[in-house]
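The primary structure of each chain is shown beneath.
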Amino acid sequence: MTPRLRLGSWDELGTQAYRIRHAVFVLEQGVPVELEHDEHDAAALHALLLDENGSGLATGRLLADGHIGRVAVLAEYRGQGLGKRVMQALIAEGARREHAALLLHAQLDAVPFYAALGFAPLGKVFMEAGIAHVGMRMALREI
């Protein structure tokens, strides 16, 4: 199975993206449900990987200011490169939109994943939704 990638709005992809994010962030990681879905979803570009039946497996979003976030892969599909595919699509879209850099907040255990994609840690560790994070940045072009 080669999952199919879709890029689109929250109106188009939000139902499945939310299902994945709720499973990963709320149920698995204990993020309060009221923090998971926010006002940025409506304006963000969302990436969604779908199986052959059209069920969502992985998701992420790109905000207009170049922040990537809400990257999540359902537990049973991890280790198959799906998160990397989502990230590559969002990075490509950031470049297409001519962002100078992309930013994200990485959970500490995900820092190596993002570093392998070209992101570098930025600043000190901070808590977000009760989970330790660090900012990371990827330069797309020189300013």
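What comes next concerns the included structure. (Residues numbered from 1 in each chain as written. Predicted model: local features only at pLDDT ≥ 70, side-chain atom pairs only at ≥ 80, totals over all residues. Heavy atoms only, no water.)

1. Some details on the nonpolar core
Soluble, globular proteins show a tendency: their nonpolar side chains are buried together. Counting 25 residues, the largest nonpolar core has Ile68, Met87, Ile91, Leu104, Tyr114, Phe119 and Met136 as its most contacted members. Those elements that place two or more of their residues in this core are strand S2 (45-50), strand S3 (56-62), strand S4 (67-73), helix H3 (82-96), strand S5 (101-107), helix H4 (111-116) and strand S7 (131-139). Ile91 has contacts with Ile68, Leu102, Leu117, Phe119, Met138 and Leu140, leaving out every residue within four places of it along the chain. (Core = buried A, V, L, I, M, F, W, Y, C linked by side-chain atoms within 4.5 Å. Buried < 20%, exposed > 50% of the residue type's maximum accessible area, 1.4 Å probe, protein only. Helix = DSSP H or I, 4+ residues; strand = E, 2+ residues; numbered from the N terminus. Contact = heavy atoms within 4.5 Å.)

2. Details of the pattern of salt bridges
Counting across every chain of the model gives 9 salt bridges. A salt bridge links Arg70 to Glu36; its shortest N-O distance comes to 3.5 Å. Within this pair, whereas Arg70 is found in strand S4, its partner Glu36 is found in helix H2 (residues 33-36), the two being separated by 34 residues in sequence. Look at Arg70 and you get partly exposed, because its relative accessible area is 23%. The exposure class of Glu36 is buried, given its relative accessible area of 1%. (Salt bridge = Lys/Arg side-chain N within 4 Å of Asp/Glu carboxyl O.)

3. Brief notes about the environment of Leu104
When you line up the elements, Leu104 lands in strand S5. C-alpha of Leu104 to C-alpha of Arg137: the two residues are 33 residues apart in sequence and 6.6 Å apart in space. Setting aside residues up to four positions removed in sequence, Leu104 forms contacts with Ile68, Met87, Tyr114, Phe119, Val134, Gly135 and Met136.

4. Focus on the pairing of S4
Taken across its 7 residues, S4 has 5 buried, putting it largely inside the fold. Hairpin remark: S3 followed by S4, antiparallel, with 4 residues in the connecting loop; positive phi at Gly66, about 95°. Here 2 bridges tie S4 to S5, and the two strands are oriented parallel to one another. Note on S5: the bridge partner recorded for His67 is Leu103. (Pairing = 2+ DSSP bridges.)

5. Description of the packing of aromatic side chains
Considering all chains together, one arrives at 2 aromatic pairs under this definition. Ring centres 4.9 Å apart and planes at 70° place the aromatic pair Phe113 and Tyr114 in the edge-to-face group. Looking at Phe113, the relative accessible area reads 30%, which means it is partly exposed. When the centroid spacing of 6.2 Å and the interplanar angle of 75° are considered together, the rings of Tyr114 and Phe119 count as edge-to-face. The exposure class assigned to Tyr114 is buried, which follows from its relative accessible area of 9%. Here the aromatic residues Phe113, Tyr114 and Phe119 are joined through ring pairs into a cluster of three or more. (Phe/Tyr/Trp six-rings, centres within 6.5 Å; stacked < 30°, edge-to-face > 60°.)

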